[in-house]
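Fold and geometry: a report
The residues making up each chain are set out below.
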Amino acid sequence: ARTSMPPNGTDNNRGGPNDRRSNRGNRNNKGGDQWKRGQEAPKPRPNNRSGGRSNRGNRNDHHQDEFDGPVEPLVMPENRWMPSKDDSSRAKTEKSVKSILNKMTKEKFEHLSNQMCDIPIISYEVLTLMIHLVYEKAITEPTFGDMYADLCVKLSQRVKRNTFVKIIPSDEEPPTEDVEGFVPGRTSTSGNTVYRWSNDVSVTDAEIVGPHEDPESCLRAALDQGNAPTPIKRGDMELELHSLQIKEGMFVKIMKPVAKEGEDEEAKEEFYTVFFPLEEAEKCGQQLSKIFLSERECENDGSKQNSFKRSLLNKCEDEFNKQDIYVDWKKEKKEYEDTKASLTESKRNEIEDELDFRRMKIKKQMLGNIRFIGELFKKNMLKERIMRYCIHSLLKVEENEKATKKTGSPVIRSLPDDEMDAEDHEALCNLFTTIGKTIDTPDAYLYMKYYFNKIETLSNDKRIETRSRFMYKDLIELRGNRWKMRREQETAKTLDEIRKDAEREERAQEQQSQRSGGGYRGGGGRGGGRGDRDDRRDRGDRRGGGGGDYRSDRRGGGGGGGGSTYGGSRQRSTPQRPSVDEHGFTQVGGRSASARVTSGPPRVSAPVPRSQRMPPAPAAPAPPVSKSSPAPTSGALPSPFTEEKLKNRAKSMRAEFMQDRSNVEDLLFSMDETRGTPDAGKTIVQVNVDHTIDCKDNERDAIIAMLVILFEKGKLSRSDFEGPMADIVEFIDSYVCDSPRVMEYLGDMLAAFFKIGALDVKWLVPQCAKVKEINPGADFHTQVITHAIDSQKKAYGVEEAKRCFGGNAEQRELAGLLGLDTWKAISSQKL
């Protein structure tokens, strides 16, 4: 049957009128109903289908076109949903604070912290939000805890008085000794006025009463309870506070619309009010303080309770006193253990990983909280009493303060529930590691003795896990080492601090290699010293001192002052007039003209003073400039110098000053031209003090005199001297190898800079402590102190040396550095 042919002789499967392929696009063998581009749409065909799945094979059925004419566009209702932007003060503050905190680094701290202080705090809610965001950032980034503590210090200094604290006059009866009989809101019979304060007075109430012609009308409407007016919706109306008062037991807030630009100032004012009974203040969400008898007392209490420092203290207390930070985690852990048997292995692994991650996160936040509290204490934001409370809470002990005051020694006892968990042990060790050096004072000796007796007991308790016991042993060792850690704790650093750390590590490697006889410095003996000289020159270039150029000039046979002692003897020649090369180096003496032509860079004659190089004015002569102010200091700043140009300017200033020390006007003029360059003063000091190590005595005296003049004229600051001189002191052991008299040169500079107040003993002692730390077996730090005293006596007399080194504070600092016996011997001999 499958191979039989129909009567007409055609194949049913091919070539028939119902063949889909042959009739595609022309189902009825007609082309009249085919649609082409540009023609009208085809008319709808009648639907002959009966519907259902049984007619699916009937290819001749026509589908009814559902198009029945133009479709009306959708009409958007007026109350449709639209995305809206939160323009509230809270949202704006949150966005600004988060943006600043995300960009905060030690390098950008000053700029960004000033931006944070400029954010307006218009309500207590905004203040607490700011503290919350800073606090959360600090505990999640404990490495930057000291930086965020500095930010809190700066905010507390700037945000001392908040405008959102409002003083409310009241006609209430003041409280008496009979507290139980006191009724809030009861009108006073004496007619006296008392005061309250509030920190959350809002002007964005959803419903308000008004408008009224004047504030008195608002007050009458609030007190007329029999004819209470109907409130209206505030809508988009912006209001500002006019006055607050408590009258006859009613809290009355009077507001008026915010004046807009372009409105007639003489237009009639409107007033609106919100009021409620005083006993319903808490129900209405209105915060009110207790009653004060005087307005000044009320203002002082309001400012104190709503200050940044007090709010931060409340935040610290709340975070520390959280009873069990693992309560939610433990609940989920228990639920997992109950259903563990019914889960697949992959699901169990997933849940266990999630629980471990959350536990680590909670622990990190807890330890970050402890460390940040310690950093705040180190910045004097928290008192010692609060730190003792934290220690007692972690140790599970309590103090009887009355007995302590009576006996004069701490009376402390263990709590009944004195079991400490692993988190308590670690938190206690972290807290002492952070604040130990600050809190371990002679006044706190008895407290510290009790704490560490208990810690000693805990370190030997076999019931405690091994990790915690060894943490306690490390803590005891740390205190015995005067809280000096074996490994430096990670903190936020600036780029300059990172560079100096790299230099310090490099120098330690050099010394280690030299002690072990290695060839790190290019060989042993005297040749090794020369290799060290090249290394130090490179380090000088990296830290921006420009010290490498003049040392390279010396080895090349040029005249950085003082010929080289390596590679041959020096040639003597007749004294010549000092000249300056193209890089600004002064040629004090040495080689003949022919030698200078064939070796080294070309030399040029001494520069003409700047005042003589300036072209004459085409018109009337310029007004004379006084020597006290050689250049204008107002107006736009000069264009900033490149680093190379600034170093060349420092060298040319030195050369010109050597030519004529009396020409202070040109010196100050040259310095003023660098005002537009960041850290220009620091670079100028760095370049010149580096040069003093290898130059002639007369040039060294000129450099010191030049820097003294610039400081006294206000062109250089104390910070410009501290960094460059700190590098000289810290690397003094390297300089001694190449310049045996470097201690004398350093003493001369320190004496001069101490005299003018650019540096002092308080600055010098920490720098010498670094030298002592790097070279514990040497006495470089002692030599720096003794040579500074000798130079002070030689240049300015014994009295000046006593003034700089003989004060009580200075003697304590020096005794701590050198040891009491050593300092007594030095002071008795030299002072």
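Residues numbered from 1 in each chain as written. Predicted model: local features only at pLDDT ≥ 70, side-chain atom pairs only at ≥ 80, totals over all residues. Heavy atoms only, no water.

**Thoughts on the overall build of the chain**
For the chain, the count of helices and strands is 31 helices and 12 strands. Across the 831 residues in the chain, those meeting the buried criterion constitute 39%. If you take every contact in the chain between residues at least 6 apart in sequence, the share linking residues at least 24 apart comes to 69%. (Helix = DSSP H or I, 4+ residues; strand = E, 2+ residues; numbered from the N terminus. Buried < 20%, exposed > 50% of the residue type's maximum accessible area, 1.4 Å probe, protein only. Contact = heavy atoms within 4.5 Å.)

**Quick notes on unusual backbone geometry**
Going from Gly210 to Pro211, the amide bond is cis rather than trans, its omega being 5°. Within the element layout of this structure, Pro211 appears in strand 3 (residues 207-212). Even without a glycine there, the phi angle at Glu248 is positive, about 50°. Checked against the element boundaries, Glu248 lands in the loop between strand 5 (239-247) and strand 6 (250-257). For Glu248, a relative accessible area of 48% translates into the label partly exposed. The backbone of Lys396 sits at a positive phi, close to 60°, despite the residue not being glycine. Within the element layout of this structure, Lys396 appears in the loop between helix 10 (384-395) and strand 8 (397-399).

**Describing helix 4 (residues 145-158)**
For helix 4, built from 14 residues, the straight-helix expectation of 20 Å at 1.5 Å per residue is met to within 8% by its first-to-last C-alpha distance of 20 Å. Those residues of helix 4 lying buried are Gly145, Asp146, Met147, Tyr148, Ala149, Leu151, Cys152, Val153, Lys154, Leu155 and Ser156. (Expected span 1.5 Å × (residues − 1).)

**Thoughts on the pattern of salt bridges**
Enumeration over the complete set of coordinates arrives at 34 salt bridges. Several salt bridges share partner residues, and in doing so they unite Lys363, Glu426 and Arg467 into one network. (Salt bridge = Lys/Arg side-chain N within 4 Å of Asp/Glu carboxyl O.)

**Focus on the pairing of strand 7 (residues 271-277)**
Side chains on a regular strand alternate between the two faces of the sheet. Counting buried residues in strand 7 gives 5 out of 7 residues, a clear majority hidden from the surface. Sheet topology note: the strand 3/strand 7 ladder contains 2 bridges and is antiparallel. Bridge pairing in strand 7 links His212 to Phe271. Of the strand pairs in this sheet, strand 6 and strand 7 are connected by 6 bridges, and their pairing is antiparallel. By the bridge assignment, Met255 is partnered in strand 7 with Tyr272. (Pairing = 2+ DSSP bridges.)

**Description of the side chain of Arg388**
Relative to the helices and strands, Arg388 resides in helix 10. In this view, Arg388 contacts Glu399, Tyr447 and Tyr451; residues no more than four positions away in its chain are not counted.

**With respect to the confidence of the model for the chain**
Looking at the chain as a whole, its pLDDT mean stands at 76, while 73% of the residues score no less than 70. Segment residues 519-578 is flagged for pLDDT under 50; beyond a separation of four residues in sequence, or across chains, it makes 126 contacts in the model. Scored below 50 in pLDDT, residues 588-634 shows 65 contacts in the model against residues more than four places distant or in partner chains. (pLDDT = per-residue confidence, 0-100.)

**Some words on the side chain of Arg196**
By secondary structure assignment, the location of Arg196 is in strand 2 (residues 194-198). A distance of 2.6 Å separates a polar atom in the side chain of Arg196 from the backbone oxygen of Ser289. (Polar contact = N/O pair within 3.5 Å; in protein donor to acceptor, adjacent residues only side chain to side chain.)

**What to know about a positive patch on the surface**
Together, Lys304, Lys309, Lys383 and Arg385 make up a region of like positive charge exposed at the surface. Looking at the secondary structure, you find Arg385 in helix 10. (Patch = residues over 30% accessible without salt bridge, like charges linked within 9 Å, V, L, I, M, F, W, Y side chains within 5 Å. Areas by Shrake-Rupley, 256 points an atom, 1.4 Å probe, with all protein chains shown as cover. Lys, Arg positive; Asp, Glu negative; His and termini not counted. Charge placed at Lys NZ, Arg CZ, Asp CG, Glu CD.)

**Focus on a negative patch on the surface**
Among the surface-exposed residues, Glu350, Asp353, Glu354 and Asp356 lie close enough to one another that they form a single negatively charged patch. With respect to the helices, strands and loops of the structure, Asp356 is situated in helix 9 (residues 345-378).

**Quick word on helix 31 (residues 820-830)**
Listed in full, the buried residues belonging to helix 31 are Trp823, Ile826, Ser827 and Lys830. Seen end-on, helix 31 carries its buried residues on one side only, within an arc spanning 95°. Projecting away from the buried face of helix 31 at angles above 90 degrees are the exposed residues Asp821, Ser828 and Gln829. Of the surrounding secondary structure, the elements contacted by the buried residues of helix 31 are helix 28 (780-796), helix 29 (798-805) and helix 30 (808-818). (Arc of directions from axis to C-beta.)

**Considering the packing of aromatic side chains**
The way to describe two aromatic rings as a pair is by their centre distance and the angle between their planes. The final tally for this structure, using the stated rule, is 12 aromatic pairs. Chaining the aromatic ring pairs together yields one cluster made of Phe432, Tyr447, Tyr450, Tyr451, Phe452 and Trp483. Above the face of the Tyr447 ring, Arg388 is positioned so that its terminal group lies 4.4 Å from the ring centre. When the ring centre of Tyr745 is taken as origin, the NZ or CZ atom of Arg700, which lies over that ring, is 3.4 Å away. (Phe/Tyr/Trp six-rings, centres within 6.5 Å; stacked < 30°, edge-to-face > 60°. Lys NZ or Arg CZ within 6 Å of the ring centre and 35° of its normal.)

**Overview of the packing of helix 27 (residues 761-774) against helix 28**
Two elements in contact, helix 27 and helix 28, have axes separated by 8 Å at closest approach and are oriented at 150°. Put simply, helix 27 runs roughly antiparallel to helix 28. Of helix 28, the residues touching helix 27 (which contributes Leu764, Cys768, Val771 and Lys772) are Phe780, His781, Val784 and Ile785. Grouping the constituent residues of the contact of helix 27 with helix 28 by class yields 6 nonpolar, 1 polar and 1 charged. (Axes fitted to C-alpha atoms, helices over the stretch in contact; angles between N-to-C directions. Parallel < 35°, antiparallel > 145°, perpendicular 65-115°, else oblique. Nonpolar A, V, L, I, M, F, W, Y, C, P; charged D, E, K, R; others polar.)

**Concerning the nonpolar core**
Ranked by internal contacts, the top residues of the largest apolar core, which has 76 residues, are Met387 and Phe432. Here this core takes 10 residues from helix 3 (residues 124-140), the largest share from any one element. Apart from residues lying up to four places away in sequence, Met387 is in contact with Ile373, Phe377, Leu382, Leu431, Ile435 and Ile439. Leu667, Leu710, Val742 and Leu759 belong to the second largest nonpolar core, which has 64 residues in total. (Core = buried A, V, L, I, M, F, W, Y, C linked by side-chain atoms within 4.5 Å.)

**A word on the environment of Met448**
Within the secondary structure layout, Met448 lies in helix 13 (residues 445-459). Residue Met448 is classed as buried on the basis of its relative accessible area of 1%. Remark: the alpha-carbon pair of Met448 and Gly436, spanning 12 residues in sequence, is separated by 9.5 Å. With residues near it in sequence (within four places) discarded, Met448 still touches Phe432, Ile439, Asp440, Arg479 and Trp483.

**With respect to the packing of helix 20 (residues 643-659) against helix 23 (residues 697-712)**
Packed helix pairs are specified by the crossing angle of their axes together with the interaxial distance, meaning the distance between the axes. For the pair helix 20 and helix 23, interaxial distance at closest approach is 10 Å and the crossing angle is 105°. Judged by the inter-axis angle, helix 20 sits roughly perpendicular to helix 23. Mapping the contact onto sequence places Met653, Arg654, Phe657 and Met658 in helix 20 and Glu699, Ala702, Ile703, Ala705, Met706, Ile709 and Leu710 in helix 23.

**Focus on the environment of Phe372**
Among the structural elements, Phe372 can be located in helix 9. For Phe372 and Pro142, which are 230 residues apart along the polypeptide, the C-alpha to C-alpha distance reads 7.1 Å. In this view, Phe372 contacts Tyr135, Ala138, Ile139, Gly145, Tyr148, Ala149 and Cys152; residues no more than four positions away in its chain are not counted.

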